[in-house]
Structure formats: C-alpha cells, structure tokens
Amino acid sequence: MRSPIELARGRASLRTKRRIAQQRLRVRGLTSSIRPLPRLLIIGTQRGGTSSLYRYLGAHPDVERSIRKETEYLTRSYGCGEAWYRSHFTLRRDRLSFEATPDYLLHPQAPARAAALLPNAKVIALLRDPVARAVSHHGHMTRLGYEDLPLCDALAAEPDRLDGALDALVRGDDVADVRPLLRFSYAARGRYGEQLERWLEHTDRERLLVLRSEDLYADPAAVLHEVEDFLELRRWLPPSFPNHSLAGGRSARSPADDRALDDLHASLADDGVLLRSLLGDRWRWD
C-alpha cells in the first residue's frame, strides 16, 4: 500500500515534483560531505525492467536506494559535482546504497567516469531482447508525446535524428542537445555488445552482473536472490512483485513495421556475436 506522502506526490504536477526534488537536494547538500557514495550502479537497459528492480532491491532491509531512481550524474548531470551526487544517498554507512540510471549503459563516457569516482562499485545490467526493447521504447515515447512517427519511419529516421551524437560522445566531444539521443535511440540502445565492452574496459568482470530482463519478468524472486548473492546480502523477498515499469503504449503494427523490425534484427547480428564473445552463447534472443 502506498503511503500518504507517495499518494500526494503522485498527484503533484511535474513542475511541483521537480521543485520539491530540487529543494530536497539543497537541504541534503548540507551533509553531502559525510554521505557515502553508492556501492552499486544499475546501468540499464532502458525499457528493461530497471524501475522494478530498483523498487524490489530498494525495499531490502539492508539497502538504501537513491532519493530518485535516475540521478543521471555520470551522463547529463556530471557538471553538478560530486557533492551534488552524494546528496542523493543515505547518511547510513551500514546500508548498501545504489541508484539506477539506464542511460549509463548507452553513454560512452559513463564507464570511465564511474571507474574514476566509484572504482569498487558493483554494476548490474539488465538486457532485454533488443527488438522487443525498441518496440517498447517507441511505444513509450509515443505515449509521452515525443514521438509522432510510426515505428518503421522512426527507425528509418533514427540516424538523422541522432546526427552523430553518439559518435561525438565516444570521441569525448560535448553534445549541445542530447534529447534526441535519449528519446529516439531505438536501434542504438540494442547494441549491447559495444556498450558492455566499454564497461568492461573499466570494470573488473567479477564486479559486473548481467541479467536477462525476460527472467526478471518471469521469475522476479529468483532474479532478486541472484542479485542479493552478487551483492553479498542476506536473502530476503518483498511480499509481492508489482510491475513498477510504466507501460510503453501499444499500437497495431503494419507490414512495414514488421519489415523494419526484421531489418533491425539483421543489423544487430554482428553486435550479437560480440555480446556472446563477452558473456557466452546463452545471450541470444533468436
């Protein structure tokens, strides 16, 4: 059951929620110097169940989640500084603190930034069938009002919309407007091999746990136990496992959409080979 505070927060406007969040961070900033940095990052993938895992794990009695799920510190908010980042986490040193920002998996600069600031932190990635993930992503952007193209046209328009932004970030260049990359990276986010290869350049393999989103959907208790074992936490389960991920929105798919998804599947074949070389042969969705 949701608390009165959570119910009131749910009825507040987006502007009010942002104002409240900013005020909370300012107050917590007074004690930022004694707030420990997180010991765990959930790095993605977008539309892969990270919201649900954030809630399930955050309810564990030995864990403390960040005051908002996505701090975005290692991506868009890096310029805010370490004190700002620390303000998102608990004062309690006896709790494992963590955050979950799905853009960390995609953003080329996030792995190096994490290694510099959090050299011993553990990392969890949830990977979902990249074609199903793209469909869900498109539906989510449509529901939010950012997308007005049908799926096939949105996939075709993606290279122009991103306009080399991802390549610029790989080079370390600044990107004036990252919103298209956040909203319209339907195919780009499915290149899990490239993304995990970058993370493994900066993260020891034993500190990285990669999970299937489909396993979380099918058996959340088993996946949560796997996470607890990875984090060396005592095993615990919440009373229920509600779906905390917002629905992506559904629309009838046309034959053109289906052809575009077949093309997407084919275009990701080379990345699938890379992914299996990193993680093993079970990492295939075909």
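Please refer to the structure placed before this passage.
Quick caveat, the model's predicted, so the values are computed rather than measured. (Residues numbered from 1 in each chain as written. Predicted model: local features only at pLDDT ≥ 70, side-chain atom pairs only at ≥ 80, totals over all residues. Heavy atoms only, no water.)

Q: Can you break down the overall build of the protein residue by residue, with the values?
A: Broken down by element type, the protein carries 15 helices and five strands. Scaling as 2.2 N^0.38, a compact globule of 286 residues should have a C-alpha radius of gyration of about 19 Å, and the protein matches this with 19 Å. Based on the C-alpha atoms only, the size of the protein along its principal axes is roughly 55 × 40 × 40 Å. Going through the 286 residues of the protein one by one, you find that 49% of them count as buried. (Helix = DSSP H or I, 4+ residues; strand = E, 2+ residues; numbered from the N terminus. Rg over C-alpha atoms; globule rule 2.2 N^0.38 Å. Buried < 20%, exposed > 50% of the residue type's maximum accessible area, 1.4 Å probe, protein only.)

Q: Describe the packing of aromatic side chains, and please don't skip the residues or the numbers.
A: By the definition in use, this model includes nine aromatic pairs. Note on Y73 and Y85: the rings are 4.4 Å apart at their centroids and 15 degrees apart in plane angle, and the pair reads as stacked. Here Y85 lies in helix 4 (residues 82–86) and Y73 lies in the loop between strand 2 (63–65) and helix 4, a separation of 12 residues in the sequence. For the residue pair Y73 and Y85, the accessibility class agrees, reading buried in each case. A connected cluster of aromatic rings, assembled from ring pairs, spans Y73, Y78, W84, Y85 and F89. The lysine or arginine in question, R161, covers the ring of F184, its NZ or CZ lying 3.9 Å from the ring centre. (Phe/Tyr/Trp six-rings, centres within 6.5 Å; stacked < 30°, edge-to-face > 60°. Lys NZ or Arg CZ within 6 Å of the ring centre and 35° of its normal.)

Q: How would you explain the sheet that holds strand 4 (residues 122–127) if you had to name every residue and give the values?
A: Spatially, the five strands line up as an open sheet ordered 2-3-1-4-5, and their pairing is parallel. Taken across any chain shown, the strands that pair with only one partner, and hence form the sheet edges, are strand 2 and strand 5 (208–212). Going across the sheet, the axis of each strand differs from the next one's by a mean of 25 degrees, ignoring polarity. Across the sheet, helix 13 (residues 220–230) lies against strand 4 and strand 5, angled at about 175 degrees from strand 5, the strand it touches most. (Pairing = 2+ DSSP bridges. Axes fitted to C-alpha atoms, helices over the stretch in contact; angles between N-to-C directions. Contact = heavy atoms within 4.5 Å.)

Q: How would you explain the pairing of strand 3 (residues 96–100) if you had to name every residue and give the values?
A: The buried count for strand 3 comes to five of five residues, which makes it a mostly enclosed element. Burial of the side chains of strand 3 extends over both faces: L96, F98 and A100 are buried on one face and S97 and E99 on the other. Sheet topology note: the strand 1 (residues 40–44)/strand 3 ladder contains three bridges and is parallel. By the bridge assignment for strand 3, L40 is matched with F98. In this structure, strand 2 lies alongside strand 3, joined through three bridges in parallel fashion. Following the sheet pairing, E64 is matched in strand 3 by S97.

Q: Could you give an account of unusual backbone geometry, naming the residues involved and the relevant values?
A: A cis amide bond links G44 to the next residue, T45, at an omega of 10 degrees. Here T45 is to be found in the loop between strand 1 and helix 3 (50–58). We note that E72 has phi near 60 degrees; this positive angle belongs to a residue other than glycine. Structurally, E72 can be placed in the loop between strand 2 and helix 4.

Q: Give me helix 14 (residues 255–267): which residues, what numbers.
A: Taking 1.5 Å of rise per residue, 13 residues should cover 18 Å, and helix 14 covers 18 Å from first to last C-alpha, within 8% of that figure. Residues D257, A260, L261 and L264 constitute the buried set of helix 14. Down the axis of helix 14, the buried set is contained in an arc of 100 degrees. They therefore lie on one face. For helix 14, exposure combined with an orientation more than 90 degrees from the buried face picks out P255, R259, D262, D263 and A266. (Expected span 1.5 Å × (residues − 1). Arc of directions from axis to C-beta.)

Function cannot be inferred from these measures alone, as they are strictly geometric.
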